Amino acid sequence: MDRRKSFLLVAILLVLVSMEATVVRGAGNGNSNGNKNGNSNNSNSGNNNGNNNSNGNTYKNEDEDYDDLEPENGIEKARCKSNNAACHMKNITCPAECPQKRPTKNKKQKACYINCGVKCEATCKWRKSNCDGNGALCYDPRFVGGDGVMFYFHGSKGGDFAVVSDDNLQINAHFIGSRPQGRTRDYTWVQALSIMFDAHTLVLAASKVSHWDDSVDTLMVRWDGELVTIPTDGLAEWRASHAERKVRVERTDDTNAVRVKVAGLVEMDVKVTPISEKENKVHNYQLPSNDAFAHLETQFRFTNLSDKVEGILGKTYRPGYISPAKRGVPMPMMGGEDKYQTPSLYSPLCKVCMFQAKSGTAMIM
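About the cut-offs
- Residues numbered from 1 in each chain as written.
- Predicted model: local features only at pLDDT ≥ 70, side-chain atom pairs only at ≥ 80, totals over all residues.
- Heavy atoms only, no water.
- Helix = DSSP H or I, 4+ residues; strand = E, 2+ residues; numbered from the N terminus.
- Buried < 20%, exposed > 50% of the residue type's maximum accessible area, 1.4 Å probe, protein only.
- Areas by Shrake-Rupley, 256 points an atom, 1.4 Å probe, with all protein chains shown as cover.
- Disulfide = S-S within 2.5 Å.
- Pairing = 2+ DSSP bridges.
- Core = buried A, V, L, I, M, F, W, Y, C linked by side-chain atoms within 4.5 Å.
- Contact = heavy atoms within 4.5 Å.
- Axes fitted to C-alpha atoms, helices over the stretch in contact; angles between N-to-C directions.
- Salt bridge = Lys/Arg side-chain N within 4 Å of Asp/Glu carboxyl O.
- Phe/Tyr/Trp six-rings, centres within 6.5 Å; stacked < 30°, edge-to-face > 60°.
- Lys NZ or Arg CZ within 6 Å of the ring centre and 35° of its normal.

Caption draft 1: Representation of the overall build of the chain in the model. Scanning the chain from terminus to terminus reveals 3 helices and 20 strands. Burial analysis of the chain (365 residues in total) assigns 49% to the buried set. For the chain, the exposed area adds up to about 18900 Å²; of that, 50% sits on carbon and sulfur atoms.

Here it is in structure tokens:
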């Protein structure tokens, strides 16, 4: 009898020891989603205690589909929170070639771009407009549509036109230009953009300068009619306050270049650039010597556009859209000035415009 009691006590003791070891092992691994020993369920090991709890290593990033993790040796990391099952809760590390998502010491350096959509990867990309990429609006003015087709839209000097018009977004452009003697149309460039959404208006404009100097900032930003200053140090960004959605304007160079993001609607890279003397001569613009014709080069990336979106650029994002622009010619033209012209830079009204401004939308610069 005493021997059976001894065996029973030993068995109970072994069970208790086993339970304690299990608890200790579970606390050490967290959710097994990436610790320094590489015990990860995903392909990115060594994610610096990337446990999905309130351990101080996870930072909510409400603008993106990921949360920032604590950097390791200066290299930034993130954990995907997208609904994509393949990426959900996956830890991604920036490449060594571009360790930061938003470089601060060298704004001309490539940035880390984290894709939590389909590819679940981090890649290095320039943070500047690509005038040959989809959504580009550059030069005099040359567009590249959402369908990848390039076309020109001349508009008119001093005119305002709807670039995009949708249920919840309107983007207008103000054209500057010149008409040399003997020409039948204006040479034109985009001098300002007005982004209207909810009850707000964000304006980006190139200030008029007689002579160009790269070190002088000529980019002007206004929020609901008020001039705002974009900081030049730290993250070098400005964020809108009291807005229904996140709005951020961030410098991507020391002067004259920014990235704009309106959460859930549009992201755009904008750069102010002049017409150089060489361009003036090559294209025979015959521009006056006291005006650098500073203008914007922009690339748009849209989210949540409707199937009926309008605008010079907007309609090229429609499903099944077929461009009427002639291909194989040096300057394929897109007409429609009468359809897309608006009364002012701040007006959402045109013959085909869809946007309905909410009460309180700022209309005056």
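Caption draft 2: Fine view of the state of the cysteines. A complete count under the given rule lists 6 disulfides for this structure. Here Cys98 is linked by a disulfide to Cys124, with a sulfur-sulfur distance of 2.0 Å. On the S-S bond that ties Cys98 to Cys124, the torsion sits near -85°, and the link is left-handed. Residue Cys98 is found in the loop between strand E4 (91–93) and strand E5 (111–115), and its partner Cys124 is found in strand E6 (residues 121–125); the two are separated by 26 residues along the sequence.

Caption draft 3: Geometry of the pairing of strand E20 (residues 295–302). Burial analysis of E20 places 7 of its 8 residues in the buried class, which makes it a mostly covered element. Both strand E7 (residues 136–138) and E20 contribute to a ladder of 2 bridges, which runs antiparallel. Among the inter-strand pairings, Ala136 is bridged to a residue of E20, identified as Gln299. Examined bridge by bridge, strand E19 (residues 266–273) and E20 share 8 bridges and lie antiparallel to one another.

Caption draft 4: Broad picture of the nonpolar core. The biggest cluster of nonpolar side chains holds 48 residues, and the ones touching the most others in it are Leu193, Leu202, Leu204 and Phe300. In contact with Leu193, not counting residues within four places along its chain, are Leu137, Ile171, Asn172, Ala173, Leu202, Val203, Leu204, Met268, Leu296, Thr298, Phe300 and Leu345. Ranked by size, the runner-up nonpolar core spans 12 residues in total, among them Ala78, Ile92, Cys120 and Ala122.

Caption draft 5: Region of the structure containing the sheet that holds strand E11 (residues 170–178). As summarised here, the arrangement of the 6 strands in space is E10-E11-E12-E13-E14-E15, forming an open sheet in which the pairing is antiparallel. The open sheet has two edge strands, strand E10 (160–165) and strand E15 (226–228), and neither has a second partner. Direction aside, neighbouring strands of the sheet carry axes that sit 25° apart on average. The pairing of strand E13 (residues 200–206) with strand E14 (residues 219–223) spans 5 bridges and is classified as antiparallel. Paired with Leu202 across the bridge in E14 is Trp223.

Caption draft 6: Region of interest: the pattern of salt bridges. Tallying each qualifying case throughout the model produces 17 salt bridges. Close ionic contact of Asp291 with Lys208 constitutes a salt bridge, the shortest N to O distance being 3.8 Å. With a gap of 83 residues between them, Asp291 in the loop between helix H2 (277–283) and E20 and Lys208 in the loop between E13 and E14 connect regions that are remote in the sequence. Given a relative accessible area of 16%, Asp291 falls into the buried group. Via salt bridges that share partners, Arg102, Arg127, Glu237, Arg239 and Glu250 belong to a single interconnected network.

Caption draft 7: Quick look at the packing of aromatic side chains. Applying the stated rule across the entire model yields 12 aromatic pairs. On the numbers, 6.1 Å between centres and 40° between planes, the contact of Phe197 with Trp223 is tilted. Of this pair, Phe197 sits in strand E12 (residues 187–197) while Trp223 is found in strand E14, placing the two residues 26 residues apart along the sequence. Pair check on accessibility: Phe197 and Trp223 agree, each one buried. Looking at Lys125, its charged tip hangs above the ring of Tyr113, at a distance of 4.1 Å from the centre. For the cation-ring pair, Lys128 lies above Trp126, with the distance from its terminal atom to the ring centre recorded as 4.9 Å.

That's the geometry; what it means functionally is another story.
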